[in-house]
Amino acid sequence: MDRRRFLTLLGSAGLTATVATTGTAKAASTGTFPGYKDSYGVLHDTTRCIGCRKCEQACNEVNKLPAPKAKFDDLTVLEKTRRTDADSWTVVNRYNAAGLDHPVFRKQQCNHCLEPACASACFVKAFTKNPDGSVTYDGSLCVGCRYCMVACPFNVPAFQYAEAFDPLIQKCTMCHPRLAEGKLPGCVEICPKEALTFGRRKDLVRIAHDRIRQNPGRYIDHVYGEQEMGGTAWMYISGVPFSATGMNEELGTKSAPEYTAGALGAVPMVVGIWPILLTGAYAITKRKEKIAAEEQAEAVKQAVAASRAEADDKLKAALAKADKDKEAAVTREVKKAVDEARKTFEEELAAKEQPEAPEGDDAGKPGEDA
Amino acid sequence: MDQAIYTLHEFMLHTKNWTYILMGVTLLVYVGYWLFLTGRDEKIRKY
Amino acid sequence: MQHANTNKSLMTPGNIITGIILVMGLVLTVLRFTKGIGAVSNLDDNNPWGIWIGFDLLCGVALAAGGYVTSASCYLFGMKRYHSAVRPAITTAFLGYFFVVVALNYDLGHPLRLPYPLVYSQGTTSLLFEVGLCVATYLTVLFVEWSPAALEWLGLRKIRNVVVKLTLVLTIFGVVLSTLHQSSLGALFLIAPSKLHPLWYSSFLPVFFFISSMVAGLSMVIFEGSLAHKGMHHMMDETHLKEADGVVFGFGKAASFVLAGYFMIKVIDVTMDNDWHYLATGYGAWWLVEMLGFVALPSFLYALGVREKRIGVIRFASVLGVLGIVMNRFNVCLVAFNWQLPADQRYFPHWMEIGISVFIVTSIITVYRFIASRMPVLYEHPDYKDAH
């Protein structure tokens, strides 16, 4: 108890100093971000947890949550593995690990990630990673889309599905209001076995590794949450493999915002590039249509000119032929007329010469011949 | 900017805010610039 | 062609069924908004998104993609022979997106705060912000693109002519916005790699969703066209009827090739992530059903129909294409999501959730029938024959 109070005093004294902007964070374009270097966290040592559920009770009281169906000292509840829900912001579960003659207990609540998936996913900025390390939620902004629940790799946020008019997300706040008053989180304060240690995250990492090193064989050599999903403020050390206590060991060290950065980056590129390409396609199409129309017009023109020329030739030929025909007809007619005239003349001549003396047959005067 | 940026989340919030504004500006600029570029083209006749 | 025959009785079997569904929908709506989401759904803390997101939103948006695909083909890529298909596709798209927003209101805890991310507190780190902004903008673009049909019906010539001049810029914006939100719907799941089965999770989820949205659009235009031909034939003018077969063959050809491309990039993706060993599992078998039965098969059937000039085969392929998109969105959002949870914690929709989805789809169809039987969608208004 005393040590805890000491840490509390240390904590609250330092908290005010750290909230100020101590230096600029060097955000190299490829580098990592330092986070709030003096932010707090909690270390959960599952080898010390006895599953008494007092932390659940403290959480319920501190946050004025509705009383659950089963009382907090009812340990039959541990027969089933539970998750956090709208009225239970933290749960303790019992696990049977291989090779152990006793069960293992572990408390689950929001892990207060350094780069929270919920904050990254929320499209109204309802989540905030505070300088004190806690990740808190503002219900007055929440639209109730529940994307934060999809995003959280630890399945922590719960939703008030039974509430018709103002359903909100519910989750552990690391007792952010109590931290502001210099108090410990409710669960940490009440734990009788010191399974929960509150302090600056960077100190807790060191404490955790020290504890592992100083107790060889007692712990798995890994601090869960030191790097998972980019690091969490609430960390765990365990005597059994973490997967045996329902923790996902395949989460990797990449944080949620890093998973979405690529897709988010592509968005403005599409906006910048697509209109250029599409307008280009349109322009090319229009140009092709214009050329096709021009070629067609040209072809029509040529076809018209060709057929016109053909028609002209035909007309010329026809006219020439008509002229020739006319000439030939005229010639024929003239010849005919001359022949007729000649014949008439000869007949007249013969008739004339008949009554006088049939002396000589004048074949007729050699008249003008046509 | 005085405000320091501590987390990737803060960084992305800041850069994405400006990026979205730029996206809107880009679309408007494209429309305007295209009208400028094709302003003296032969009109497409639609009788 | 004749306009809606108001002398005919409204009590057709189709209208009666529609009426029953609409009444049921209204009852469920009252229940939803007086008793909360929990009272009408099986959503829970492990499964926050169900068929309202998986079907109404994801499938609704994908299947409304015919709008941007058809208008881009006709106005940007110069395929004038698809012109008669543009207005039906834009109408479907407009109604589709409009009712997506309606459906969304059922799923949100605070529907009245829907404008918050746009006007009050912009969470720009979120892909859901991007989806919301794009869908809102695109719905506006679609409304303007669609409005000439209504304006012609109302005889508002001057406004109509102004709007028609905007066609090019609206079409381009439409393609840009569609690319963004179709892909961003897929990108929503990038943030949860631990929850999505490796055969479906990929950094290229946005690309997969965008490419498959093109398939969805092409298939829906064909599918819807065949329904419209049966039910609304009397509203179609000569151009529409003449061009109809060309649309089916042309879109079928495009769909075949795009599906082939989609198949290849999925294969490449599984190879890059070294996930082939998953094929030997139950989920692997299901993945094969999706890829072989609803991607490869429709691709081949489309090709067969195009080669053999068999329109019936293409129509059947379009049904498979539509079902394939629905299956893919369901798989990503509901089946492959939370695949590691024990069976008793998995989600199955409540009948009331299904009821509300059916209500939404029926509403879309009903409004479409109203519009297409009165406004110049399936025919060109004689007073406004444009040179295009």
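Note on numbering: residues in each chain are counted from 1, in written sequence order. Here the convention is simple: chains get letters from A, ligands get numbers from 1, in the order in which they are written. Per-residue local features of the predicted model are confined to residues with pLDDT of at least 70, and side-chain atom pairs are confined, for both listing and counting, to 80 or more; whole-chain, interface and lining totals are unaffected and use all residues. Hydrogens and water molecules were not included; the side-chain quantities draw on all heavy atoms of the structure.

A. Quick look at the overall build of chain A. A count of helical and extended segments in chain A gives eight helices and nine strands. Taken across its 370 residues, chain A has 43% of its residues classed as buried. Note on definitions: a residue-residue contact is assigned when non-hydrogen atoms from the two residues lie within 4.5 Å. Contacts in chain A between residues far apart in sequence, at least 24 positions, make up 60% of those at least 6 positions apart. Working definition of accessibility: Shrake-Rupley area with a 1.4 Å probe, residue cover restricted to the visible protein chains. Carbon and sulfur atoms form 57% of the exposed surface of chain A, whose accessible area is close to 20,400 Å². Each helix is a run of H or I in the DSSP string that is no shorter than four residues. Each strand is a run of E no shorter than two, and both are numbered from the N terminus. When a residue's accessible area, from a 1.4 Å probe over protein chains only, is under 20% of the maximum for its type it is buried; when over 50% it is exposed; and in between it is partly exposed.

B. Examining the nonpolar core more closely. Formed by 187 residues in total, the largest nonpolar core has its most connected members in Tyr147 of chain A together with Leu188, Phe189 and Leu196 of chain C. If sequence neighbours within four positions are ignored, Leu188 of chain C has contacts with Tyr147 of chain A together with Trp49, Leu127, Leu128 and Val131 of chain C. Nine residue types can take part in a nonpolar core, namely buried Ala, Val, Leu, Ile, Met, Phe, Trp, Tyr and Cys, and a core is a set of them joined through side-chain atoms within 4.5 Å. Counting residues in hydrophobic clusters, the runner-up holds nine residues, among them Leu43, Ile212, Met235 and Ile237 of chain A.

C. Inspection of unusual backbone geometry at higher detail. Here the phi dihedral of Met229 of chain A falls at roughly 55 degrees; this positive angle occurs in a residue that is not glycine. Within the secondary structure, Met229 of chain A sits in the loop between α7 (201-214) and β9 (234-237). Taking the relative accessible area as the measure of exposure, Met229 of chain A reaches 5% and is therefore buried. Even without being a glycine, Asn338 of chain C presents a positive backbone phi close to 65 degrees. According to the relative accessible area criterion, Asn338 of chain C is buried, its value standing at 4%.

D. Spotlight on the interface of chain B and chain A. Contact with chain B, which involves 19 residues of that partner, is made by 32 residues of chain A. With both sides pooled, the region where chain B packs onto chain A buries about 2,100 Å², and carbon together with sulfur makes up 74% of that total. Defined here as a combined quantity, buried area equals the accessible surface (1.4 Å probe) lost by two parts on assembly, summed across both. When the area that chain B buries against chain A is broken down by residue, the three leading residues are Tyr6, Leu8 and His9 of chain B, summing to 31%. Whenever Lys or Arg places a side-chain nitrogen within 4 Å of a carboxyl oxygen from Asp or Glu, that contact is recorded as a salt bridge. Counting the contacts that link chain B with chain A gives zero salt bridges. Any pair of nitrogen or oxygen atoms within 3.5 Å is treated as a polar contact; in protein, a donor-acceptor pairing is required on top of that, and neighbouring residues in sequence qualify only through side-chain atoms on both sides. Remark: the boundary between chain B and chain A carries six residue pairs in polar contact (both at pLDDT 80 or more). Throughout, the ten residues Ala, Val, Leu, Ile, Met, Phe, Trp, Tyr, Cys and Pro are labelled nonpolar, Asp, Glu, Lys and Arg are labelled charged, and all others, Gly among them, are labelled polar. Broken down by class, the residue content of the side of chain B that touches chain A amounts to 13 nonpolar, four polar and two charged.

E. A look at the confidence of the model for chain C. Put simply, chain C has an average pLDDT of 94, and 97% of its residues get 70 or more. We note a pTM of 0.87 for the whole complex and an ipTM of 0.93 for its interfaces. The quantity known as pLDDT measures the predictor's confidence residue by residue, on a range of 0 to 100.

F. Examining the pattern of salt bridges more closely. Evaluated as defined, the whole model comprises 19 salt bridges over all chains. A salt bridge links Asp38 of chain A to Lys37 of chain A; its shortest N-O distance comes to 4.0 Å. The exposure class of Lys37 of chain A is exposed, given its relative accessible area of 52%. Across the pair Glu152 of chain C and Arg87 of chain C runs a salt bridge whose closest N-O atoms are separated by 2.8 Å. In this pair, Glu152 of chain C sits in helix α7 (residues 127-154) while Arg87 of chain C sits in helix α5 (residues 83-107), placing the two residues 65 residues apart along the sequence.

G. Region of the structure containing the pairing of strand β8 (residues 196-200) of chain A. Residue and element names in this part refer to chain A. The element β8 is largely enclosed, with a buried count of five among its five residues. In this description, strands pair whenever DSSP reports at least two bridges between them. As defined by bridge partners, strand β1 (residues 40-45) adjoins β8 across five bridges and the pair is classed as antiparallel. Bridging from a neighbouring strand, Val42 pairs with Phe198 of β8.

H. Summary view of the sheet that holds β1 of chain A. All names here are of chain A. Spatial ordering of the open sheet is given by β8-β1-β9, a layout of three strands whose pairing is mixed. Each of the sheet's edge strands pairs with one partner strand only, and the pair in question is β8 and β9. Neighbouring strand axes in the sheet, compared pairwise and without regard to direction, differ in orientation by 25 degrees on average. Note: β1 against β9, four bridges, orientation parallel. Looking at β9, one finds that His44 is bridged to Tyr236. To get an axis, fit a line to the C-alpha atoms, keeping to the stretch in contact for a helix; angles then go from 0 to 180 degrees between the N-to-C directions.

I. Here's a closer look at the packing of aromatic side chains. In summary, the pairing rule links any two rings of Phe, Tyr or Trp, Trp by its six-membered ring, whose centres are within 6.5 Å, and it sorts them by plane angle into stacked for under 30 degrees, edge-to-face for over 60 and tilted for everything else. Taken as a whole and judged by the stated rule, the model has 27 aromatic pairs over all chains. Taking the centre distance of 6.4 Å and the plane angle of 15 degrees together, the rings of Tyr68 of chain C and Phe210 of chain C count as stacked. One end of the pair, Tyr68 of chain C, is in helix α4 (residues 66-76); the other, Phe210 of chain C, is in helix α10 (residues 205-231), with 142 residues separating them in the sequence. The same class applies to Tyr68 of chain C as to Phe210 of chain C, namely buried. Ring centres of Phe98 of chain C and Phe99 of chain C lie 5.5 Å apart, and the angle between their planes is 85 degrees; on these two criteria the pair is classed as edge-to-face. The exposure class of Phe99 of chain C is buried, given its relative accessible area of 10%. Of note, Arg146 of chain A hangs over the ring of Phe159 of chain A, and the distance from its end group to the ring centre comes to 5.4 Å. The ring centre of Phe209 of chain C lies 3.9 Å from the NZ or CZ of Arg329 of chain C, which sits over that ring. In this scheme, Lys NZ or Arg CZ marks a charge over a ring once it lies within 6 Å of the ring centre and within 35 degrees of the ring normal.

J. Main features of the confidence of the model for chain A. This prediction gives chain A a mean pLDDT of 89; 87% of its residues lie at or above 70. This stretch, residues 13-30 of chain A, has a pLDDT under 50; its non-local contacts, to residues over four places away or in other chains, come to 21 contacts.

K. Region of the structure containing the environment of Leu168 of chain A. Structurally, Leu168 of chain A is set in the loop between β6 (158-159) and β7 (169-170). Relative accessible area serves as the criterion here: at 17%, Leu168 of chain A is assigned to the buried category. For the pair formed by Leu168 of chain A and Tyr147 of chain A, sequence separation is 21 residues and the distance between their alpha carbons is 13 Å. Filtering out sequence-adjacent residues up to four positions away, Leu168 of chain A remains in contact with Tyr137, Gly139, Ala158, Phe159 and Gln160 of chain A together with His110 of chain C.

L. Inspection of the interface of chain A and chain C at higher detail. The interface of chain A with chain C comprises 56 residues on the first partner and 56 residues on the second. For the chain A and chain C pair, buried surface summed over both sides reaches about 4,700 Å², with 63% attributable to carbon and sulfur atoms. Among the residues of chain A in contact with chain C, Phe123, Tyr147 and Tyr161 of chain A are the three that bury the most area, contributing 16% of the side total. Remark: the boundary between chain A and chain C carries two salt bridges. Of all the elements in the fold, those that place two or more residues in the side of chain A that touches chain C are α3 (117-121), α4 (147-151), β6 and α8 (256-353) of chain A.

M. Main features of helix α1 (residues 13-35) of chain C. Residues and elements named next belong to chain C. In this model, α1 (23 residues) spans 33 Å end to end at C-alpha, consistent with the 33 Å of a helix rising 1.5 Å per residue. Where α1 is concerned, the buried positions are Thr18, Ile21, Gly25, Leu28, Thr29 and Arg32. Lining the buried residues of α1 we find α2 (37-40), α3 (51-63), α5 and α14 (351-372). Looking one or two residues beyond α1, the residue adopting positive phi is Gly36, at roughly 95 degrees. Take the residue count of a helix, subtract one, and multiply by 1.5 Å to get its expected span.

N. Region of the structure containing the environment of Tyr120 of chain C. One can find Tyr120 of chain C in the loop between α6 (116-119) and α7. Classification of Tyr120 of chain C as exposed rests on a relative accessible area of 54%. Distance in space between the C-alpha atoms of Tyr120 of chain C and Lys35 of chain C is 28 Å, their sequence separation being 85 residues. Excluding residues that lie within four positions of it along the chain, Tyr120 of chain C makes contacts with Leu141 of chain A together with Pro115 of chain C.

O. Structural context of a negative patch on the surface. Only residues whose relative accessible area exceeds 30% and that take part in no salt bridge are eligible for patches, with like-charged residues grouped when within 9 Å of each other and nonpolar side chains (Val, Leu, Ile, Met, Phe, Trp, Tyr) grouped when within 5 Å. The positive count covers Lys and Arg only, the negative count covers Asp and Glu only, and His and the chain ends enter neither. Charge coordinates come from a single atom per side chain, which is NZ of Lys, CZ of Arg, CG of Asp or CD of Glu. A cluster of acidic side chains, namely Glu294 and Glu295 of chain A together with Asp41 and Glu42 of chain B, defines a negative patch on the protein surface. Here Glu294 of chain A shows up in helix α8.

P. Quick peek at the side chain of His112 of chain A. All names here are of chain A. Note that His112 resides in the loop between β3 (104-108) and α3. Residue His112 is classed as buried on the basis of its relative accessible area of 0%. There is a polar contact of 2.9 Å between the side chain of His112 and the backbone nitrogen of Val135. Within the structure, His112 has its side chain in polar contact with the backbone nitrogen of Met174 (distance 3.4 Å). Those residues in contact with His112 that lie beyond four places of it in its chain are Lys129, Gly133, Ser134, Val135, Lys171, Cys172, Thr173, Met174, Thr232, Ala233 and Trp234.

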